[in-house]
Amino acid sequence: MTSPIDPSGLSGTLADVVAALVRAQAPSGDQDEQEPPIGTGEAADGRVRVRAALPGRIENLELEPSLLRLSGEELAREIESAVNAALADLQGRAVAAAGPAALGALTNQLKDIQFDAERQFAKLTASLVEAQEQLTRRAGDR
């Protein structure tokens, strides 16, 4: 089955953006040298402990039995606090692991993609204007 024709080139632009983001998330160097970042968070004076891993998944949740005396609403609030702390810690560690050079390279790639997309939009707009003018001329010839 053939894929539909994309005269605007937008599907290619979107594919470029996705590819740049995937490259930015891919670990650089040897897998053994660089451990994936892990975020940790605590709440209720350390009685709720959470570990989070990329891409934002909760890897472990520990609750001390004494927390079961809390109301459901209080327990949920403490778990939410610990999870949010773990995810914030993970985000900070992931950005630090990527380093400014990786983020700078991604920014440059996305700027190039944006420039190409602007050119493609300009071509598409010019083609639409030309087609509209031709239709107007043909309608006037009748």
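For the structure itself, consult the block above.
Rules of the game
- Chains are numbered independently. Their residues run from 1 in the order of the written sequence.
- A pLDDT threshold of at least 70 governs which residues receive local features in this predicted model, and a stricter bar of 80 or more applies before side-chain atom pairs are shown or counted, although totals over entire chains, interfaces and linings include all residues.
- Hydrogen atoms and water are omitted, and side-chain values are computed over all heavy atoms in the structure.
- Patch membership is restricted to residues that have no salt bridge and whose relative accessible area is over 30%. Joining uses 9 Å for like charges and 5 Å for the nonpolar side chains Val, Leu, Ile, Met, Phe, Trp and Tyr.
- A 1.4 Å probe and the Shrake-Rupley method give the accessible areas. Residues count as covered only by the protein chains that appear here.
- A pairing counts as a salt bridge when a side-chain nitrogen of Lys or Arg comes within 4 Å of a carboxyl oxygen of Asp or Glu.
- Each helix is a run of H or I in the DSSP string that is no shorter than four residues. Each strand is a run of E no shorter than two, and both are numbered from the N terminus.
- At least two bridges found by DSSP between two strands are what make those strands a pair.
- By nonpolar core is meant a set of buried Ala, Val, Leu, Ile, Met, Phe, Trp, Tyr and Cys residues that side-chain atoms within 4.5 Å join together.
- Classification of residues uses two cut-offs on accessible area relative to the type maximum, computed with a 1.4 Å probe and protein chains only: under 20% is buried, over 50% is exposed, and between them is partly exposed.
- Only heavy atoms matter for contacts: two residues are in contact if any of them lie within 4.5 Å across the pair.

Draft legend 1. A nonpolar patch on the surface, seen in detail. A cluster of nonpolar side chains, namely Ile58, Leu61, Leu63 and Leu87, defines an oily patch on the protein surface of about 290 Å² accessible area. With respect to the helices, strands and loops of the structure, leucine 61 is situated in strand E3 (residues 57-63).

Draft legend 2. Seen up close, the environment of aspartate 45. Residue position: aspartate 45 is located in the loop between strand E1 (38-43) and strand E2 (48-53). Note: C-alpha distance between aspartate 45 and glutamate 78 (33 residues apart in sequence) is 9.7 Å.

Draft legend 3. Representation of the pairing of E3 in the model. Bridge count between E2 and E3: 6 bridges; the pairing is antiparallel. In the sheet register, alanine 53 faces E3, and the bridge partner there is arginine 57. Hairpin connection from E2 to E3: 3 residues lie between these consecutive antiparallel strands, with glycine 56 at a positive phi of about 105°.

Draft legend 4. Local environment of the nonpolar core. Counting 11 residues, the largest nonpolar core is built from Ala43, Ala44, Val48, Val50, Ala52, Leu67, Leu75, Ala82, Val83, Ala86 and Leu90. Mapped by element, the contributors of at least two residues to this core are E2 and helix H2 (72-141). Ranked by residue count, the leading element in this core is H2, at 5 residues. Once residues within four sequence positions are removed from consideration, leucine 75 is found in contact with Leu63, Leu67 and Leu70.

Draft legend 5. Molecular detail of the pattern of salt bridges. The final tally for this structure, using the stated rule, is 5 salt bridges. Residues arginine 49 and glutamate 62 are paired through a salt bridge, measuring 3.1 Å at the closest nitrogen-oxygen approach. Here arginine 49 is found in strand E2, whereas its partner glutamate 62 is found in strand E3, with 13 residues between them in sequence. Judged by relative accessible area, which is 28%, arginine 49 ranks as partly exposed.

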